[in-house]
Amino acid sequence: MIEICNLLKRYKGQTALDNISFSIPKGCIFGFLGPNGAGKTTLIRIIAGLLVQDAGCVLFDEQPLNRLNRKRIGYLPEERGLYKNMKIGEQIIYLAVFKGLTKQDAEKKLRQWFDKLEIADWWNKKPDELSKGMQQKVQFIVSVIHQPDILILDEPLSGLDPINRETLGKEIVEFNQSGKTVILSTHDMNSVEQFCDEVMLINKGKLLLSGKVYETKQNKQSYIYEFQFKQNNEFFSKQCDAVNGYIISNKKGNYKVQLKNEEDVERILSNILIQKGLTSFSEIHPSMNDIFIDYVTNANQLL
Amino acid sequence: MNELIHIIQREYFTRVREKSFILITLLAPFFLSLILLLPIYFSQQHEDYKELSIGLIDNSGKLNESLNITEFKVNLLDGKWVDDIVSLINENNLDGVVYIESSDFSSTKVKYFSKKQPSIYLENIIRTSIRNKLLDNSLESFGIGDITKKISDTERSVFLETVKTGDAGRQFTPYHRNLCLLMGITVYLVIFLFSSQVMRGVLEEKTNKIIELIITSVSPVKFMAGKIIGVALLGLTQIIGWSIILYSIATFLENFASMSAAGQANGFLGKKIDPVEINRMLANLNTIDFNTIIPAFIFFFLGGYLLYSSIFAAIAAVLKHSDQMNQITAVITMPLILAVIVLSNTVNSPDSVLSYWFSIIPFTSPIIMMGRVIYGVPPLDFLISALLLILTVFVIIGLSGKIYKNSILHEGKNLTLTEIISLLKS
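Residues numbered from 1 in each chain as written. Chains lettered and ligands numbered in written order. Predicted model: local features only at pLDDT ≥ 70, side-chain atom pairs only at ≥ 80, totals over all residues. Heavy atoms only, no water.

**Focus on the overall build of chain A**
- The number of helices and strands found in chain A is eleven helices and 14 strands.
- The 303 residues of chain A split such that 50% are buried.
- For chain A, restricting intrachain contacts to residue pairs at least 6 apart in sequence, the fraction spanning at least 24 positions comes to 68%.
- Total accessible area on chain A stands at roughly 15100 Å², and carbon and sulfur atoms take up 47% of it. (Helix = DSSP H or I, 4+ residues; strand = E, 2+ residues; numbered from the N terminus. Buried < 20%, exposed > 50% of the residue type's maximum accessible area, 1.4 Å probe, protein only. Contact = heavy atoms within 4.5 Å. Areas by Shrake-Rupley, 256 points an atom, 1.4 Å probe, with all protein chains shown as cover.)

Dropping the structure here:
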């Protein structure tokens, strides 16, 4: 649905985006990952139409971005705020009209959202009367009220308490399940694991990886395995030593082991299967957190 | 177009409902009327002196009779120096005692004892009446008595009225001077007030990132234009509000003066005011050509406001924090402040070279030309000034729009001046 091809953006001699290409399929939750200053915000701003790229293109259903199809985008910027001197209801309607809704439509939709989130009494309040989490809910409504096809969220869950996190998280998933695409830019790897179907990772303007979360994890083999025995197993420990494996932890027969390659695993398995007492065996895939740190550290070492 | 109206509506209605706006609209004309009326009120205060009763003790022997002062009586008391002046005042129920200590050719020493601190006005009356009396007495000894009466009988007052020949013989009163100062300063205030509202608005949107939401669907220049127009309408609302209230106050005073003349009014602030004074003030106001002044005021407000608000909008877009705002505002409004200083020259000589040039240069013309308009200006001067202002407004709006568009999303360190100039070239 969104095709990003050979995107290039420079600021005063610095390259913010260096020839980036990837695609965001329709209907998925797509994570934008990368350390601070990697170029995520620049990329988001180009997609939202706030910045113009120096080269390359952003295609939206095979059409270049223009003022019309940009109204199909919903956007929640980072470190956002609200108008201090306007009532909550008024300012959401004000912003919704820019996205092509009529005042009447915007008001009707807003009432539905307020009822859904059980915040009907906020209509006449001013932002100062709301907590940060409450304001974040309001800003989320602003970004989805015109039912965009693509929703861009920059750190939508940062600074929220677990309950508000849960509520907003549910709304994001629900929005996605109605067939809409969500772009999620975040540093929080837990939310990546929780929400994202696909991710891309950039560092210093360069694309390090892009693809499905599941496949990314599969591709990144760690050779860490978990063996569960009924009790401590001396024979197993000896087998590990024999292949120069390293026992990371052992909790009453639950062993986590770092091995060197797949042959070592097969050898240990064939030896200990003769013995009884092995109740489970599994390979531990790296978390998105591990993948993030690994890729970025390697990329920085190469520079 | 719909988007532009949508923006203008928000900028206008959120501000017009603010308590501070309503208060300033309602109260400013009343303060202005007070400024005009209080001098009249205070001039009536001298009537109090008629009820004063003041005693005189003459130790020098040069006067030896009661002073005839029109405002109040000063009776000669018996005796020379009294030890206990306080009990003398209390026993005779006096307001004060004038004590002439000594008097020779060159100087006379006088002391005034009173329960209350005397006003400078009262001190003056006492001093001049003693001086006149002594002068009278000594002239009498030369055979020319009652000199002060003779002088006042022969004195002829001269009233100087200035009439500008090039201007269909219009007359000028001190009211023109006051109005010149007042209108000049008011134009300065409204330009500054509403331009800085634009600046604060831009800065708020930049800080709370709402600008990012808006310019995903509206062009930044259209948004800036909507904001500036919305606040301009707010300014016009205030000016119209002020005019209506001032007109009502003037009408009320006119009625009050005629009622007062018929003996029906009970006075103003508990004191009687001479209706003649109010009528004189109103008559003076009538010599002023409001049909020209009000449209000129609106024109120069709009011109100056558009000029400065677009500069302010561009600067707010470049700035990162509101604390830098005050410093830069001070620098940018320098020409306005300079104009207010030049205004004191314009008040006295509206056609001087200084006033002329300041009324032509667009950054100061809204204030100085406004001041000159009160006295009437040659049509050519006005035309040059107005055209130059309009032209500059268009150029500045164009430049400011460019800076605004390119820097409103800027984050990180502040842009340097060379970077801003390169924005203009891009």
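**A few points about empty space enclosed by the protein**
- Across all of its chains, the model carries three cavities of 30 Å³ or more by this definition.
- In this structure, the largest cavity occupies an estimated 80 Å³ of space.
- Gly74, Tyr75, Leu95, Ala96, Lys99, Val142, Ser143 and His146 of chain A together with Leu213 and Ile214 of chain B together form the lining of the largest cavity.
- Elements with a minimum of two residues in the lining of the largest cavity: strand S6 (73-76), helix H3 (88-98) and helix H5 (132-144) of chain A together with helix H7 (210-214) of chain B.
- When the residues that make up the lining of the largest cavity are grouped by side-chain class, the tally is six nonpolar, three polar and one charged.
- Taken as a whole, the second largest cavity encloses approximately 50 Å³ of empty space.
- Lining the second largest cavity are Tyr75, Leu76, Pro77, Arg80, Gly81, Leu82, Leu95, Gln139, Val142 and Ser143 of chain A together with Ile210 and Leu213 of chain B.
- Sorting the residues of the lining of the second largest cavity by element identifies S6 and H5 of chain A together with H7 of chain B as the ones contributing at least two each.
- The biggest single contributor to the lining of the second largest cavity is H5 of chain A, with three residues. (1 Å grid on protein atoms, 1.4 Å probe; cavity = no way out; pocket = protein on both sides within 12 Å on 5 of 7 lines; lining within 4 Å. Points joined across faces, edges and corners; volume = space filled by probe spheres on them. Nonpolar A, V, L, I, M, F, W, Y, C, P; charged D, E, K, R; others polar.)

**With respect to the environment of Pro64 of chain A**
- Inspection of the secondary structure assignment puts Pro64 of chain A in strand S5 (residues 63-64).
- Each C-alpha atom of the pair Pro64 of chain A and Ile2 of chain A lies 9.8 Å from the other, and the pair is 62 residues apart in sequence.

**Considerations on the sheet that holds strand S14 (residues 278-284) of chain A**
Residues and elements named next belong to chain A.
- Ordered in space as S12-S13-S11-S14, the four strands form an open sheet in which the pairing is antiparallel. The open sheet has two edge strands with one neighbour each: strand S12 (246-251) and S14. On average, each strand axis in the sheet is inclined to that of its neighbour by 15°, with strand direction left out of account.
- Relative to strand S13 (residues 254-258), S12 runs antiparallel, the two sharing five bridges. Paired with Asn250 across the two strands is Tyr255, which belongs to S13.
- On top of the sheet, helix H10 (residues 262-272) reaches strand S11 (224-229) and S14; it is set at about 10° to S11, its chief contact. (Pairing = 2+ DSSP bridges. Axes fitted to C-alpha atoms, helices over the stretch in contact; angles between N-to-C directions.)

**Side note on the interface of chain B and chain A**
- Contacts between the two partners involve 28 residues from chain B and, on the opposite side, 27 residues from chain A.
- Each partner contributes to the roughly 2500 Å² buried at the junction of chain B and chain A, and carbon and sulfur atoms together form 55% of this total.
- By the criterion of area lost to chain A, the three top residues of chain B are His6, Arg10 and Thr216 of chain B, representing 25% of everything that side buries.
- Where chain B touches chain A, the interface holds three salt bridges.
- A salt bridge links Glu212 of chain B to Arg45 of chain A; the shortest N-O distance between them is 2.7 Å.
- Where chain B packs against chain A, one counts 14 residue pairs in polar contact (both at pLDDT 80 or more).
- Broken down by secondary-structure element, the contributors of at least two residues to the side of chain B that touches chain A are helix H1 (2-16), helix H6 (174-207) and H7 of chain B.
- In terms of residue count, the dominant contributor to the side of chain B that touches chain A is H1 of chain B (seven residues). (Buried area = accessible area lost by both parts, 1.4 Å probe. Salt bridge = Lys/Arg side-chain N within 4 Å of Asp/Glu carboxyl O. Polar contact = N/O pair within 3.5 Å; in protein donor to acceptor, adjacent residues only side chain to side chain.)

**Focus: the nonpolar core**
- Counting 147 residues, the largest nonpolar core has Ile4 and Phe32 of chain A as the members making the most contacts within it.
- Counting residues per element, this core draws most heavily on helix H10 (residues 290-318) of chain B, at 14 residues.
- Aside from chain neighbours lying at most four places away, what touches Ile4 of chain A is Ile20, Ser21, Phe22, Ile24, Leu43, Ile47, Cys57 and Val58 of chain A.
- Tyr225, Phe229, Tyr255 and Ile272 of chain A belong to the second-largest nonpolar core, a separate cluster that totals 13 residues. (Core = buried A, V, L, I, M, F, W, Y, C linked by side-chain atoms within 4.5 Å.)

**Here we look at the side chain of Asn176 of chain A**
All names here are of chain A.
- The topology assignment puts Asn176 in helix H6 (residues 162-177).
- Look at Asn176 and you get buried, because its relative accessible area is 12%.
- Excluding residues within four positions of it along the chain, Asn176 makes contact with Gly27, Cys28, Ile29 and Val182.

**Describing the sheet that holds strand S2 (residues 14-24) of chain A**
All names here are of chain A.
- The strand order S2-S1-S4-S5 describes an open sheet built from four strands, whose pairing is antiparallel. Of all the strands in the sheet, just S2 and S5 have a single pairing partner and so form its edges.
- Helix-sheet contacts for helix H1 (residues 40-48) involve strand S1 (2-11), S2 and strand S4 (55-60), and the interaxial angle to S1 is about 120°.

**Considerations on helix H11 (residues 288-302) of chain A**
- With 15 residues, H11 of chain A extends 21 Å between its outermost C-alpha atoms, agreeing within 8% with the 21 Å of an ideal straight helix rising 1.5 Å per residue.
- Looking at the buried residues of H11 of chain A, the elements they touch are strand S3 (29-33), helix H7 (189-195), strand S9 (198-203), strand S10 (206-212) and helix H8 (213-219) of chain A. (Expected span 1.5 Å × (residues − 1).)

**Section: a nonpolar patch on the surface**
- A surface patch of nonpolar side chains, amounting to about 650 Å² of accessible area, comprises Ile22, Leu23, Leu26, Leu27, Phe30, Phe31 and Leu34 of chain B.
- Examined against the element boundaries, Leu23 of chain B turns out to sit in helix H2 (residues 19-43). (Patch = residues over 30% accessible without salt bridge, like charges linked within 9 Å, V, L, I, M, F, W, Y side chains within 5 Å.)

**Things to note about the layout of surface pockets**
Residues and elements named next belong to chain B.
- Computed from the structure, the second largest pocket encloses a volume of approximately 1300 Å³.
- In terms of lining, the second largest pocket is formed by 36 residues, of which the most central are Leu32, Leu179, Leu182, Leu246 and Phe290.
- Among the elements of the structure, H2, H6, helix H8 (220-261), helix H9 (275-286) and H10 are those that each provide at least two residues to the lining of the second largest pocket.
- By residue class, the composition of the lining of the second largest pocket is 29 nonpolar, six polar and one charged.

**Let's talk about the environment of Ser385 of chain B**
Residues and elements named next belong to chain B.
- Residue placement: Ser385 occurs in helix H15 (residues 379-407).
- Ser385 gets classed as buried once you look at its relative accessible area, which sits at 0%.
- Sequence-wise, Ser385 and Pro362 are 23 residues apart; in three dimensions their C-alpha atoms are separated by 7.0 Å.
- Once residues within four sequence positions are removed from consideration, Ser385 is found in contact with Phe300, Ser359, Ile360, Ser365 and Met369.

**Points about the pattern of salt bridges**
All names here are of chain A.
- Summed over all chains, the structure comprises 20 salt bridges over all chains.
- With a closest N to O distance of 3.0 Å, Arg72 and Asp61 form a salt bridge. Of the two residues, Arg72 sits in the loop between helix H2 (67-70) and S6 while Asp61 sits in the loop between S4 and S5, which places them eleven residues apart along the sequence.
- The class for Arg72 is partly exposed, based on a relative accessible area of 29%.
- The exposure class of Asp61 is partly exposed, given its relative accessible area of 35%.
- For Arg111, the salt bridge goes to Glu107, with nearest N and O atoms at 3.4 Å. With a gap of four residues between them, Arg111 and Glu107 both fall in helix H4 (residues 103-116), about one helical turn apart.
- Residue Arg111 is classed as partly exposed on the basis of its relative accessible area of 40%.

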